[in-house]
Every structure is written in structure tokens, then in C-alpha cells.
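# Architecture and fold: a report
Here's the letter readout for the chains.
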Amino acid sequence: MPSDEALYEALLGGDLKAFDALYARYERHLFGFIRKHLQDAHEAEDVLHETFLAVLRDRAGGRAARSFRAWLFQVSRNLCLNRHRSAHRATRALKKEADSPEEPIPGPEHALEHQQARDALREAVARLPLELGELYALRTQGMSYEEMATVLGLPLGTVKSRMHQMMKQLREEMHP
């Protein structure tokens, strides 16, 4: 029986049967691990699939020298933590909305202004250099600076500096 690492190397070489073997080897154990983090079985199943999608996306072999098993469980744990953070933010937002006094429904002129502002932002983002556009896209996905640094393979200070640069550039383009 080939090792996890041998199967992973075969997958990197394009052997999708190796992926099937890894999936069969870890599906049940990984699902059990995820269920310890998430109460909802459907949500746990989603995270299981997201984890294996990460394996497929990692075609560049970005898991470094760690064991495949450890890396796989770390990916699933991070996805579970992201779900918890998202749920926590959603709960806070709902509570804040419930606690805030009702505001009058804005008129069509407000909707037009809002649409124009969104269009201006979209155009400004489209004009960002690639490295700043990547940061914008990752941040809008809810990633922390630390997560963005990991994804981009950059030092945390570089990410913070580029975020500052990106915000400055967007402000200047939107409010000349």
C-alpha cells in the first residue's frame, strides 16, 4: 500500500486515482474530526469537500515538508475555524441590527448614490496593480492579515504595508 506522500506525489503528477485513494483513506476519519468542530452534519460535509478541494488546488505542492496527514487535518481545522468566525460575525451583525433603531427606508436618490459609489469602487479596484488587487480580493473573502500572508507567502509586515498602500490608492482614486 503506497504511503500518503507517494499518493500525493502521484496526484501532483496528474494521477487522479491517487486522489481517489487519499479520499477513501481519509474521508471517514476526517469527517469525524470535522464533526467535533461543527455540530451541523451538512456543514461538516461541506468542510470535508472544501478540504479535499484544497488538496486538488494545491497542485504546486505547497504543503512543504509536513506529512500529508498533518497538512490535511490542518486544512480542515482552519476551514472549521473560518466557519466559526463567520458564524460569530453573522451573530454579532444580527444582534447589532436587532439592537439598532429602525431607520427610514432610503429613497431612490440614496440608492442611486450607493450604486454610483459601488461602481466607483469596482473601477478603482480594477485599476489596482495585481499584488494589491490580490490583497483586496483576499480581504473581501474575510481573511485576516496573517491568513493573507500565508496564502501569498509574504511576511506579515509586507501584507500590512501593501494593505496601507492599497487603501491609500483607493481613497485617492475615489476622492480625488
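Structural notes, computed from the coordinates. (Residues numbered from 1 in each chain as written. Predicted model: local features only at pLDDT ≥ 70, side-chain atom pairs only at ≥ 80, totals over all residues. Heavy atoms only, no water.)

## Here we look at the environment of Ala-41
Within the element layout of this structure, Ala-41 appears in helix 3 (residues 41-57). Along the primary structure Ala-41 and Phe-31 are separated by ten residues, whereas in three dimensions their C-alpha atoms are 9.1 Å apart. In contact with Ala-41, not counting residues within four places along its chain, are Phe-31 and Arg-35. (Helix = DSSP H or I, 4+ residues; strand = E, 2+ residues; numbered from the N terminus. Contact = heavy atoms within 4.5 Å.)

## With respect to the pattern of salt bridges
One pass over the full model with this rule turns up five salt bridges. The partner of Glu-43 in a salt bridge is Arg-83, with the nearest N and O atoms 3.5 Å apart. Taken as a pair, Glu-43 in helix 3 and Arg-83 in helix 4 (residues 68-99) lie far apart in primary sequence, 40 residues in all. Exposure remark for Glu-43: the relative accessible area of 26% places this residue in the partly exposed category. Ionic pairing is found between Glu-50 and Arg-83, a salt bridge with its closest N-O pair at 2.3 Å. You can see Glu-50 sitting in helix 3 and its partner Arg-83 sitting in helix 4, a full 33 residues away along the chain. (Salt bridge = Lys/Arg side-chain N within 4 Å of Asp/Glu carboxyl O. Buried < 20%, exposed > 50% of the residue type's maximum accessible area, 1.4 Å probe, protein only.)

## Points about the nonpolar core
Judged by nonpolar contacts, the single largest core of 23 residues is most densely connected at Leu-30, Ile-34, Phe-52, Val-55, Phe-68 and Leu-72. Taken together, the elements giving at least two residues each to this core come down to helix 1 (4-12), helix 2 (16-37), helix 3 and helix 4. No other element matches helix 4, which puts seven residues into this core. For Leu-72, the contacting residues outside a window of four places in its chain are Tyr-26, Leu-30, Thr-51, Phe-52 and Val-55. If you look at the next biggest cluster of nonpolar residues, it comprises twelve residues, including Leu-135, Ala-149, Met-166 and Leu-170. (Core = buried A, V, L, I, M, F, W, Y, C linked by side-chain atoms within 4.5 Å.)

## Overview of the packing of helix 1 against helix 2
Closest axis-to-axis distance for the helix 1/helix 2 pair is 7 Å, and the angle between their directions is 145°. In the packing of helix 1 onto helix 2, the handedness of the crossing is left-handed. On the side of helix 1, the interface is formed by Asp-4, Leu-7, Tyr-8, Ala-10 and Leu-11, while helix 2 contributes Leu-16, Ala-18, Phe-19, Ala-21, Leu-22, Arg-25 and Tyr-26. Residues belonging to the contact of helix 1 with helix 2 are distributed by class as follows: ten nonpolar, no polar and two charged. (Axes fitted to C-alpha atoms, helices over the stretch in contact; angles between N-to-C directions. Left-handed = near helix turned anticlockwise from the far one by under 90°. Nonpolar A, V, L, I, M, F, W, Y, C, P; charged D, E, K, R; others polar.)

## A few points about the packing of helix 6 (residues 130-140) against helix 7 (residues 145-152)
Taken N-terminus to C-terminus, the directions of helix 6 and helix 7 make an angle of 130°; their axes are 10 Å apart at the nearest point. As judged from the angle between their axes, helix 6 and helix 7 are oblique. The handedness of the crossing between helix 6 and helix 7 comes out as right-handed. Of the residues in helix 7, those touching helix 6 at Glu-134, Leu-135, Leu-138 and Arg-139 are Tyr-145, Met-148, Val-151 and Leu-152. Taken together, the residues of the contact of helix 6 with helix 7 break down into six nonpolar, no polar and two charged. (Parallel < 35°, antiparallel > 145°, perpendicular 65-115°, else oblique.)

## Digging into the packing of aromatic side chains
In this structure the tally under the stated criterion is nine aromatic pairs. Ring geometry for Tyr-8 versus Phe-68: centroids 5.5 Å apart, planes at 40°, classification tilted. Within this pair, whereas Tyr-8 is found in helix 1, its partner Phe-68 is found in helix 4, the two being separated by 60 residues in sequence. With relative accessibility at 1%, the residue Tyr-8 sits in the buried group. Judged by its relative accessible area of 0%, Phe-68 falls in the buried class. The structure contains a cluster of three or more aromatic residues connected by ring pairs, namely Tyr-8, Tyr-26, Phe-33, Phe-68, Trp-71 and Phe-73. (Phe/Tyr/Trp six-rings, centres within 6.5 Å; stacked < 30°, edge-to-face > 60°.)

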